[in-house]
Protein chains: 2
Amino acid sequence: GGAGGLLALFLIFLFAQIGAEIAQRLKLPAVVGEIAAGIAIGPSLLGWVTPSSLLDILAEVGAVLLLFAVGLETRLGDLQKIGKTAGMVAGAGIVLPFLLGYAWGVFSGFSPAHAAFIAAAFTATSAGITARVLQELGALGRIEARIILGAAVLDDILAMLILGVVTALQASGNRGVDWAHLGFVLLQAVGFVVVVALVGTRIIKKRSSVLDAPINPLSPLTMSLAGCLGLAALSARIGLAAIIGAFLAGMVVAESDQRHALEKQMQPLLAFLTPFFFVVTGMNVSLSALSGWQTLLSLAVITVLATAGKWIGCGLAARSLGARSAAIIGVGMVPRGEVGIIVASLGRSAGIFNDTIYALIVAMSLLTSVIAPPILTRLLKDAPPPEGSVAESAGVDDEDVSLLYSVEETGHS
Amino acid sequence: GGAGGLLALFLIFLFAQIGAEIAQRLKLPAVVGEIAAGIAIGPSLLGWVTPSSLLDILAEVGAVLLLFAVGLETRLGDLQKIGKTAGMVAGAGIVLPFLLGYAWGVFSGFSPAHAAFIAAAFTATSAGITARVLQELGALGRIEARIILGAAVLDDILAMLILGVVTALQASGNRGVDWAHLGFVLLQAVGFVVVVALVGTRIIKKRSSVLDAPINPLSPLTMSLAGCLGLAALSARIGLAAIIGAFLAGMVVAESDQRHALEKQMQPLLAFLTPFFFVVTGMNVSLSALSGWQTLLSLAVITVLATAGKWIGCGLAARSLGARSAAIIGVGMVPRGEVGIIVASLGRSAGIFNDTIYALIVAMSLLTSVIAPPILTRLLKDAPPPEGSVAESAGVDDEDVSLLYSVEETGHS
């Protein structure tokens, strides 16, 4: 009922604020505090709030708005400039973790088909968690941030494709894979991203006024939000993560004149709704499924493999940017967050994962999400603003960078 | 699942914008267009979206934030000045509609106890709908607006009490009423409102800084929202409407230095979330339960009685402010909105209302909500700013009024 619902929302929101405050005093990103708050008030510890479909959709709305805001700070022109590096980062970030995950699965006694499903969870990247950390540090304008977010979008598409292949492998058993269907899924996903990114941005660039309704003064915001929800729903409909559509909607709107006004108007929406995403993510951790030294050892091993796979793979792919930038990009790709959890849920509902392997994948997704932010914070705080040569090596000119740094500063006010 | 959820949110949000745009072109308040959009896409007509507990809680969050924002524009000092008039308006707005509703119930062949339950639905006032219309017109600073909202808060408390009495009457049958319990419910409700309104405002007035967390720059907003959700949940817990707690939270925060910044930050939140409240209200209308001329005749009669009861009762109570102000207040108290619908739902789940009387009460609640806004808009557009004598008659000095008018203007930008 309503009262229980509102009480749950109150507890989640309150403890998100408390967790964020504690984390920030400990020099950790606020998002770590929010996930920890979810573990604390969730069924694993205090049990004050239990996961529900209602909280799931609120959490999803929070993630959708967060990725919309991230898209809003992403210009297609900038993304195209870093496209080649981002593509290499995404590719290396898929291949190495998949191989490591597959090897661990086979070594642990799983069938090749089951090991492939575990490996698929290793390939996931959570753009949401890294984006939030980058936003907190005012680093969304940095070249590394744009490569990470660009690669995360490509990763999501590739991960969904791998998941499609793996699911088809399970379902078909010995009958062979339906390659035509797989090709169709791939084509649809790639087509969606390309059409929205290229055609959408071009329309908005030419006619920013489509966002202005004649009477309502807030119409650029409401029109953009309608577009965001629509593309998120469409994205989910064709089998991609909803947040991909939201990110693309933000990227389209970023071409409009109202871009800066919209960025400012999004702040209160993010402050209200994104805590639900991170607290609910924490609430889903089942600490009891992780008891026993053997399970904990397995958790340690897969967390190290999953971390090393992304860090080394993506770092190597980005080595042309210099050691520190490569490290930032490698670490930035580590968090699995909600994407790893989604793969785990799919594996469980398909009867492939038992309770333990499900809890392992979820815990690995969360551990990678908790390990990476403090390292990323330290790397970014020590990092000098990218030099001309670094920026140029990725094709970004100085004016662009300084413009983006000024945006960064206003983000703190 | 997620996709269905997001798709429903998209359709609701999109058609809310379309409905609002059409309504405003027809010189109707946007809220009428949003309710009409809900009827159109809901089960009665197109059936694209069906009511669900998920949508109910989103709608409730929208209503809670709306009443929080209304509270934010309400100063306790101003409310105390108009307290006597608001009290008279609230009292008359309860007594006359209750008598008319009771008379209709008995005349239509219901038992006295059932007739009393129908009468309870007649006493409801929806602060939400009137507040939105007043906000759209930039009229929240007017003396009439503050009397309406003050009276609506009192009305809600009185209506909840009547509902308590009526429910106890049903439950006890011939055993007599548990007066001790009723007294406790009343005491709790009055105590909650008085303690929050008086103690809360005093604390914030003296120490505005309690809203500032040391690190988070958005903390006055997030702290206020946490307080809003907490008081809304507490309010629902003790048997009052959640929106009463939200309104009080807004009123408390209105005493802080950050008041104007918060008002501005609330705008995007309202733009995103209040459409869900109004569209879901429209979706709950069942047009098919209202077929047949006899039912339609009953609907016409109860709508006229419910409208006349508030208009005449509240108008007479406010006659000291002059004919036009009295008319504005009378009409402003007419919408039953969600409060009438809540009473109808309670009556149905208690087995007192059958499908037809339930649909009649819901439709009456909506018709009063659709009839009143255009009349209110016309009355307010033609109304001159209140003269000194009018303001003085309610104990508001000129400086106060001019200050409030300046707030009004910024509300449009």
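Residues numbered from 1 in each chain as written. Chains lettered and ligands numbered in written order. Predicted model: local features only at pLDDT ≥ 70, side-chain atom pairs only at ≥ 80, totals over all residues. Heavy atoms only, no water.

### Things to note about the overall build of chain A
Operational definition: Helix numbering and strand numbering both begin at the N terminus, where a helix is a DSSP run of H or I of at least 4 residues and a strand a DSSP run of E of at least 2. The rule is simple: take the accessible area with a 1.4 Å probe, protein chains only, and divide by the maximum for that residue type; under 20% is buried, over 50% is exposed, in between is partly exposed. Contact between two residues is taken to exist if any of their heavy atoms lie within 4.5 Å; hydrogens are not considered. In short, Shrake-Rupley with a 1.4 Å probe defines the accessible areas, and a residue's cover is counted only from the protein chains shown.
Helix and strand counts for chain A stand at 18 helices and zero strands. Residues counted as buried form 58% of the 413 residues belonging to chain A. Of the contacts formed within chain A by residues at least 6 apart in sequence, a portion of 79% connects residues at least 24 apart. For chain A, the exposed area adds up to about 16000 Å²; of that, 65% sits on carbon and sulfur atoms.

### Details of the pattern of salt bridges
Here the idea is simple: oppositely charged side chains can pair when their charged atoms come close. All names here are of chain A. To keep things clear, this is the line we draw: Any carboxyl oxygen of Asp or Glu within 4 Å of a side-chain nitrogen of Lys or Arg constitutes a salt bridge here.
Summed over the entire model, instances satisfying the criterion amount to eight salt bridges over all chains. Lysine 310 is paired through a salt bridge with aspartate 155; the nearest N and O atoms lie 2.7 Å apart. Of this pair, lysine 310 sits in helix H13 (residues 293-317) while aspartate 155 sits in helix H8 (residues 143-172); the two residues are 155 residues apart in sequence, bridging distant segments of the chain. What makes aspartate 155 buried here is its relative accessible area of 1%. For glutamate 263, the salt bridge goes to arginine 259, with nearest N and O atoms at 3.6 Å. Taken together, the residues glutamate 263 and arginine 259, both in helix H12 (residues 259-283) and four residues apart, mark about one turn of the helix. We note that glutamate 263, like arginine 259, is buried.

### Some remarks on the nonpolar core
Here is the rule: Side-chain atoms within 4.5 Å are what join buried Ala, Val, Leu, Ile, Met, Phe, Trp, Tyr and Cys residues into a set we call a nonpolar core.
Counting residues in each nonpolar core, the largest one holds 253 residues, and the members touching the most others are Phe272(A) and Phe272(B). In this view, Phe272(A) contacts Phe13(A), Val61(B), Leu65(B), Leu225(B), Leu229(B), Leu269(B) and Leu273(B); residues no more than four positions away in its chain are not counted.

### Focus: the interface of chain A and chain B
Put simply, the test is: Put simply, buried area is how much 1.4 Å-probe accessible surface two parts lose in total, over both of them, once they are put together. Polar contacts, as used here, are pairs of N or O atoms within 3.5 Å; protein pairs need one atom able to donate a hydrogen and one able to accept it. Residues neighboring in sequence count only if both atoms are side-chain atoms. Any residue outside Ala, Val, Leu, Ile, Met, Phe, Trp, Tyr, Cys, Pro, Asp, Glu, Lys and Arg is labelled polar, Gly included; the first ten of those are nonpolar and the last four are charged.
Contact residues are listed per partner, giving 45 residues for chain A and 45 residues for chain B. Both faces combined, the contact of chain A with chain B buries some 3800 Å², and carbon together with sulfur accounts for 84% of it. Together, Leu6(A), Leu229(A) and Phe272(A) form the three largest contributors to the area buried by chain A at its contact with chain B, with a combined 17%. At the junction of chain A with chain B, the criterion picks out zero salt bridges. At the junction of chain A with chain B, the criterion picks out two residue pairs in polar contact (both at pLDDT 80 or more). Elements represented by at least two residues in the side of chain A that touches chain B include exactly helix H1 (2-25), helix H3 (53-72), helix H10 (219-237) and H12 of chain A. Here the residues of the side of chain A that touches chain B are counted per class, giving 31 nonpolar, 10 polar and four charged.

### A look at the relation of the copies chain A and chain B
The line we're drawing: Only residues with pLDDT of at least 70 in both copies contribute their C-alpha atoms to the least-squares superposition of the copies.
Structural alignment of chain A on chain B gives an RMSD of 0.0 Å, achieved by rotating through 180° and translating 0.1 Å along the axis. Taken together, the rotation angle and the small translation identify this as a two-fold axis.

### Details of the side chain of Thr274(A)
Position of Thr274(A) among the secondary structure elements: in helix H12. When residues no more than four places from it in sequence are discounted, the contact partners of Thr274(A) are Glu34(A), Gly62(A), Leu66(A), Arg132(A) and Leu269(A).

### Focus: the packing of helix H6 (residues 112-123) of chain A against helix H16 (residues 355-382) of chain A
All names here are of chain A. Our working definition: For helices, the fitted line uses only the C-alpha atoms of the stretch in contact; every axis is such a line through C-alpha atoms, and the angle between N-to-C directions lies from 0 to 180 degrees. Oblique is the label for any angle not covered by the other classes, which are roughly parallel (under 35 degrees), roughly antiparallel (over 145) and roughly perpendicular (65 to 115). Put simply, a crossing is left-handed when the front helix is turned counterclockwise from the back one by less than a right angle, and right-handed when it is turned clockwise.
Following both chains from N to C, one finds H6 and H16 inclined at 15°, their axes separated by 10 Å at the closest point. The orientation of H6 with respect to H16, classified from their angle, is roughly parallel. With respect to the hand of their crossing, H6 and H16 are arranged in right-handed fashion. Between H6, through Ile118, Ala121 and Phe122, and H16, the contact on the second element is made entirely by Ile357, Ile361 and Met364. Partitioned by chemical class, the residues of the contact of H6 with H16 number six nonpolar, no polar and no charged.

### A word on helix H10 (residues 219-237) of chain B
At 3.6 residues per turn, the α-helix brings residues three or four places apart onto the same side. Residues and elements named next belong to chain B. Threshold: One fewer than the residue count of a helix, multiplied by 1.5 Å, yields its expected span.
Relative to the 27 Å expected for 19 residues at 1.5 Å per residue, H10 spans 26 Å between its end C-alpha atoms, a close match to the ideal helical length. Burial analysis of H10 places 14 of its 19 residues in the buried class, the great majority of the element. Phi for glycine 239, located one or two positions after H10, is positive at around 95°.

### Concerning the environment of Thr295(B)
All names here are of chain B. With respect to the secondary-structure elements, threonine 295 resides in helix H13 (residues 293-317). Residue classification places threonine 295 among the buried positions, given a relative accessible area of 14%. Separated by 61 residues in the primary sequence, threonine 295 and threonine 356 have C-alpha atoms spaced 7.8 Å apart. Not counting residues up to four positions away in its chain, the partners in contact with threonine 295 are Ala289, Leu290, Thr356 and Leu360.

### Thoughts on the packing of aromatic side chains
Convention followed: Only rings of Phe, Tyr and Trp enter the pairing, Trp through its six-membered ring, and a pair is recorded when the two centres are within 6.5 Å. The plane angle decides the type: under 30 degrees is stacked, over 60 is edge-to-face, the rest tilted.
Enumeration over the complete set of coordinates arrives at 16 aromatic pairs over all chains. Following the ring pairs from residue to residue traces out a cluster consisting of Phe13(A), Phe272(A) and Phe276(A).

### Focus on a nonpolar patch on the surface
Residue and element names in this part refer to chain A. Formally: Like charges are joined within 9 Å and nonpolar side chains (Val, Leu, Ile, Met, Phe, Trp, Tyr) within 5 Å, but only among residues with over 30% relative accessible area and no salt bridge; these make up the patches.
A grouping of Leu186, Val190, Val194, Val195, Leu198, Val199 and Ile203 is seen on the molecular surface, where their side chains present a nonpolar patch of about 530 Å² in accessible area. Residue position: valine 190 is located in helix H9 (residues 179-206). According to the relative accessible area criterion, valine 190 is partly exposed, its value standing at 37%.

### Points about the environment of Leu273(B)
Following the sequence through the fold, Leu273(B) ends up in helix H12 (residues 259-283). Considering only alpha carbons, one finds Leu273(B) and Ser53(B), 220 residues apart in sequence, at a separation of 16 Å. Discounting residues that sit within four places of it in the chain, Leu273(B) has contacts with Phe272(A), Leu58(B), Val61(B), Gly62(B) and Leu65(B).

### Looking at helix H5 (residues 83-107) of chain B
Relative to the 36 Å expected for 25 residues at 1.5 Å per residue, H5(B) spans 36 Å between its end C-alpha atoms, a close match to the ideal helical length. Among the residues making up H5(B), those that are buried are Thr85(B), Ala86(B), Val89(B), Ala90(B), Gly93(B), Ile94(B), Pro97(B), Gly101(B), Trp104(B) and Gly105(B).

### Digging into the confidence of the model for chain A
All names here are of chain A. Our working definition: Known as pLDDT, the predictor's per-residue confidence is scaled from 0 to 100.
Of the residues in chain A, 83% have a pLDDT of 70 or more, and the chain-wide mean is 80. Here helix H18 (residues 398-410) stands out as the least confident element of chain A, with mean pLDDT 33; H13 is the most confident, with 93. Of the two predicted TM-score estimates for the complex, the pTM is 0.79 and the ipTM is 0.77.

### A closer look at the environment of Leu76(B)
All names here are of chain B. Turning to its location among the elements, leucine 76 is positioned in helix H4 (residues 76-81). On the accessibility criterion, leucine 76 (12% relative accessible area) is buried. When the C-alpha positions of leucine 76 and alanine 254 are compared, they lie 8.6 Å apart, and in sequence the two are 178 residues distant. Discounting residues that sit within four places of it in the chain, leucine 76 has contacts with Ala197, Leu198, Thr201, Met251 and Glu255.

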